[in-house]
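# Fold and contact review
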Amino acid sequence: MTAPQAASTALMTDHYELTMLQAALHSGTAHRRSVFELFGRRLPEGRRYGVVAGVGRALEAISAFRFDPEVLAALEDVVDAPTLEFLAGWSFTGDVHGYAEGDTYVPGSPLLVVEAPFAQGVLLETVLLSIYNHDSAIASAASRMTMAAGERPCIEMGSRRTHEEAAVAAARAAYVAGFATSSNLAARHRYGVPTAGTSAHAFTLLHDSERQAFTAQVESLGRGTTLLVDTYDVAEAVALAVEVTGPDLGAVRLDSGDLGVLAHEVRAQLDSLGAHDTRILVTSDLDEYAIAALTAAPVDGYGVGTQLVTGSGHPTCALVYKLVAREDAAGEMEAVAKKSKDKVSWGGRKWVRRRFGPDGRVEAEVIGTGPAPAVGEKERDPLVPLVVGGEVVGAEPLEAARERHLRGRAELPVAAQSLSRGEPVVATVRAE
């Protein structure tokens, strides 16, 4: 039995992509070879580096981008009959190179290079930008959070603070950037993201007493469970939790108040009761700054919701997708570029060399056009093949992206560890 076909992604686009196609078919330019690049002119304000995420989802979207009868029917009043006829036979046959998922980037980095006829490359613009802008924003915020947390695990729990599909993508992107688990079961089902969770205040309030609630949870989920201890009085709840469970209680969770002060008080109380191995987890509108402020507190893990799924103030990376080269009337490829005020682009297909210093840390992102030089001894080419001749070749397990991110972040200059505002930690160098 063949697996069910994924729903088409062809309508996840903007109206003008299709009208551009119709006009290009009319002018005879739709089949010209073209090069599109997806990049950011700058990082979000205050960010020192970005994280590439959504690559795997983008490859799925390209594979599912097709014009089946249902999609064509939806476009009957959008484009003319010749365009519909063309779309009925549309398929992506081009090549895509890009930064691998989990890698870091800086302004100007060509995160994706799409080489295909104009009629193919132009239609992918919106869906690719949608995926990359969202997922990279979440991963960039998550990277700062996991860096601030150090060895302490971060748990993604922001599903209820965003669109239901964005929640799944956010859980995936957070995992790429080092989060240990998510609360989102759809992310577990689709992408294998580990999930965790125990109970909310509603569970305690449901029962006639806190003792009854704790007893039911421990009897059902075991002594390793996490008990939420701030529904009523924290000190009383901690004492009751250890009384019900014994000194081998897995963890307690704090979700309100001055988390730093409470963590010290609860740690002292747990130790006095013999529960030396009981962990303390904290939640409540945490971001990278709050996590960093809790470094000296006896906290064992962080649950992050709203600030993560909204990119910690930057819900998009402002990435753009631009035509940088196209075939001319004579059949030769030539660079093209915008000259609009404040939105000037750089024409020509880009090559990249990530240059490392003597200490093994990234020194510069060298970007150029024309023939690419050989990769030097202390250089790396971040662009890898993702699609060749229309066939996806860059799919990989999510764990590979997660490991790549940890390696790539460790290669950045030490200044990347600072949460203060500043310039990108790696300079973008334009090769002449």
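Above this text you will find the structure in question.
Each value, and the rule that gives it
Residues numbered from 1 in each chain as written. Predicted model: local features only at pLDDT ≥ 70, side-chain atom pairs only at ≥ 80, totals over all residues. Heavy atoms only, no water. Phe/Tyr/Trp six-rings, centres within 6.5 Å; stacked < 30°, edge-to-face > 60°. Helix = DSSP H or I, 4+ residues; strand = E, 2+ residues; numbered from the N terminus. Buried < 20%, exposed > 50% of the residue type's maximum accessible area, 1.4 Å probe, protein only. Contact = heavy atoms within 4.5 Å. Pairing = 2+ DSSP bridges.

## Quick word on the packing of aromatic side chains
- Under the criterion given, the structure shown has 5 aromatic pairs.
- Taking 5.2 Å as the distance between ring centres and 55° as the angle between the ring planes, the aromatic pair formed by Phe65 and Trp90 counts as tilted. Here Phe65 is found in the loop between helix H2 (55–63) and helix H3 (69–74), whereas its partner Trp90 is found in the loop between helix H4 (81–88) and strand E3 (95–99), with 25 residues between them in sequence. With respect to class, Phe65 is no different from Trp90; both count as buried.
- Ring geometry for Phe67 against Trp90: centres 5.7 Å apart, planes inclined by 80°, an arrangement best described as edge-to-face. A residue pair is termed long-range when its members are at least 10 positions apart, and Phe67 in the loop between H2 and H3 and Trp90 in the loop between H4 and E3 qualify at 23 residues.
- For Trp90, a relative accessible area of 7% puts it in the buried group.

## Topic: the environment of Gly303
- For Gly303, the location among the structural elements is in strand E11 (residues 301–304).
- Excluding anything up to four places from it in sequence, Gly303 contacts Ile155, Met157, Val282, Thr283, Ser284 and Leu286.

## Some words on the pairing of strand E17 (residues 383–388)
- Of the strand pairs in this sheet, E3 and E17 are connected by 4 bridges, and their pairing is antiparallel. Across the sheet, residue His97 finds its bridge partner in E17, namely Pro385.
- Inspection of the sheet shows E17 paired to strand E18 (residues 391–392) by 2 bridges, in the antiparallel sense. Note on E18: the bridge partner recorded for Val387 is Val392.
- Between E17 and the antiparallel strand that follows it, E18, lie 2 residues; Gly389 among them carries a positive phi value of about 55°.

## Describing unusual backbone geometry
- A positive phi angle, close to 105°, is found at Ser284, a residue other than glycine.
- Along the chain, Ser284 falls in the loop between strand E10 (279–282) and helix H13 (288–293).

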